[in-house]
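# Fold and contact review
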Amino acid sequence: METWVSQDISAARYRRVASVDLEGAIFFRSLIGAVLVPKKPKGQAEVCRICFKQGRTHTIAISSSVDPQFTASVIAPNTNMANCIYQYSVLGALMDGICQDGTTAQNILKHGDHGIGTMRGLNGELVIIDGVAYHFPADGPLRPVEDADIIPYAMATKFQPTLTSHVPCTSMSSLFDTLSPVFPGEQNVFLSIRLVASFSRVVFRVIPAQSNPRETLLDLAKRQEIRECRHIQGTLFGFWSPKYTSGLSVPGFHLHLLSTDRTLGGHVMDFDAEDGQLGAAVVRNYQVELPDSEEFREAPLNCVKEQELHTAEGVPTSH
């Protein structure tokens, strides 16, 4: 069952986009939330306006055609729940090199204690473990992320595993099979995955930062560096996304790793692990916030082929 939270807002700050007849109580719902409007106040007009806020937060409100200060109750999904995904921007934007602007790391951390992402200009990788964000730059040592750092793309969740299991051995190629028996028939939802283990082998992809604005992810992938490390203790975290999300996220696994000593990590292309503690959860609540930057508004984003995404991200094709 979905949990909803209510927020009161003034309709005076909203722009009209449509009109509807107000016949008793109206319940209006869309992909971005819902509005519950009481019966028409006595003496007010028959027509109300469906409006939305201009700016980043695309919320819906109802205002009276007579009283511009009429206040409606706006109901939106509660992303403070555990095992919901909050995502900023879409992978299709990164594919087109749209990554000079974004939200702050502080905002991302409000939405989750585990997550993955990238930094401004595609300068390295981001991983969030136990509420702390780390940056793996393309040409320097790992560093903690500062609150004001700009994040052009990220996925975050308040991770509470619904499955925990000891895994004697697993790998990138067998991870899906490891999870399938405990999540049967869940091919159309997201999974969040955390694996704390001894990694006998990890293959990282290190992609260079953009050398000029709008340099695409596919172009950068042609100059990527592949690093293989052995005998690492660490935590792997990421998501499995269904095929229909291609262009929003990466279909299949998208995993980042952080070593226990906080010296190594990044985007994982392949791994072999032993003596692992696996935690996972089904995610059915998925929220995407679209950027309000000029570069995002002006770019005509197109559908992205799954194979192009996997070439750019350097991960195997999804199951």
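Residues numbered from 1 in each chain as written. Predicted model: local features only at pLDDT ≥ 70, side-chain atom pairs only at ≥ 80, totals over all residues. Heavy atoms only, no water.

Where an unreviewed UniProt entry is consulted, the protein appears under the name Alpha-acetolactate decarboxylase, with the organism given as Aspergillus niger. The Pathway (unreviewed entry) field of the UniProt record for the protein holds the comment "Polyol metabolism; (R,R)-butane-2,3-diol biosynthesis; (R,R)-butane-2,3-diol from pyruvate: step 2/3." Under the UniProt heading Sequence similarities (unreviewed entry), the note attached to the protein is "Belongs to the alpha-acetolactate decarboxylase family." (UniProt positions renumbered as here; feature names shortened; annotations may be inferred.)

Next up on the list: the packing of aromatic side chains. Inspection of every chain in the model, using the stated rule, returns 5 aromatic pairs. With a centroid separation of 4.3 Å and 35° between ring planes, the pair formed by Phe-190 and Tyr-286 is classed as tilted. Of the two residues, Phe-190 sits in strand β17 (residues 190–206) while Tyr-286 sits in strand β21 (residues 285–289), which places them 96 residues apart along the sequence. Their ring planes at 80° and their centres at 5.4 Å tell us that Phe-237 and Phe-239 sit as a pair that is edge-to-face. The class of Phe-237 is buried, set by a relative accessible area of 0%. (Phe/Tyr/Trp six-rings, centres within 6.5 Å; stacked < 30°, edge-to-face > 60°. Helix = DSSP H or I, 4+ residues; strand = E, 2+ residues; numbered from the N terminus. Buried < 20%, exposed > 50% of the residue type's maximum accessible area, 1.4 Å probe, protein only.)

Of the strand pairs in this sheet, β17 and strand β18 (residues 225–241) are connected by 15 bridges, and their pairing is antiparallel. When the sheet's bridge partners are listed, Val-202 is paired in β18 with Cys-229. The pairing of β18 with strand β19 (residues 252–259) spans 8 bridges and is classified as antiparallel. Bridging across to β19, Phe-239 finds its partner in His-254. (Pairing = 2+ DSSP bridges.)

Another aspect to go through is the nonpolar core. By size, the foremost hydrophobic cluster in this structure holds 29 residues, and its most contacted members are Leu-91, Leu-94, Leu-217 and Leu-258. Those elements that provide at least two residues to this core are α1 (91–95), β11 (125–129), β12 (132–136), β15 (153–157), α4 (217–221), β18, β20 (265–283) and α6 (306–313). Beyond its immediate sequence surroundings of up to four residues, Leu-91 is in contact with Tyr-153, Leu-217, Gly-247, Leu-248, Ser-249, Val-250, Leu-309 and Glu-313. Formed by 28 residues, the second largest nonpolar core is a distinct cluster that contains Val-167, Met-172, Leu-195 and Phe-253. (Core = buried A, V, L, I, M, F, W, Y, C linked by side-chain atoms within 4.5 Å. Contact = heavy atoms within 4.5 Å.)

Here the structure, examined in full by the defined rule, presents 11 salt bridges. Note that Arg-143 is salt-bridged to Asp-149, the shortest N-O span being 2.9 Å. Residue classification places Arg-143 among the partly exposed residues on the basis of a relative accessible area of 28%. Note on Asp-149: relative accessible area 15%, which makes it buried. In this structure, the salt-bridge partner of Arg-201 is Asp-272, at a minimum N-O distance of 2.9 Å. With a gap of 71 residues between them, Arg-201 in strand β17 and Asp-272 in strand β20 connect regions that are remote in the sequence. (Salt bridge = Lys/Arg side-chain N within 4 Å of Asp/Glu carboxyl O.)

Right, let's get into the sheet that holds strand β13 (residues 143–144). Here we have 7 strands laid out as an open sheet, ordered β13-β12-β11-β10-β15-β8-β21, and mixed in their pairing. In this open sheet, the two edge strands, each paired with only one partner strand, are β13 and β21. Inspection of the sheet shows β12 paired to β13 by 2 bridges, in the antiparallel sense. Its bridge partner lying in β13, His-135 is registered against Arg-143.

Looking now at the environment of Pro-291. If you trace the backbone, Pro-291 turns up in the loop between β21 and α5 (294–298). Residues Pro-291 and Tyr-88, spaced 203 residues apart in sequence, show a C-alpha to C-alpha distance of 7.3 Å. In this view, Pro-291 contacts Tyr-88, Ser-89 and Phe-296; residues no more than four positions away in its chain are not counted.

This part covers unusual backbone geometry. Although it is not a glycine, Ser-89 adopts a positive phi angle of roughly 70°. Here Ser-89 is to be found in the loop between β8 (84–88) and α1. The exposure class of Ser-89 is buried, given its relative accessible area of 2%. Notably, Asp-275 is not glycine yet its phi reads approximately 50°, a positive angle. Tracing the backbone shows Asp-275 in strand β20.

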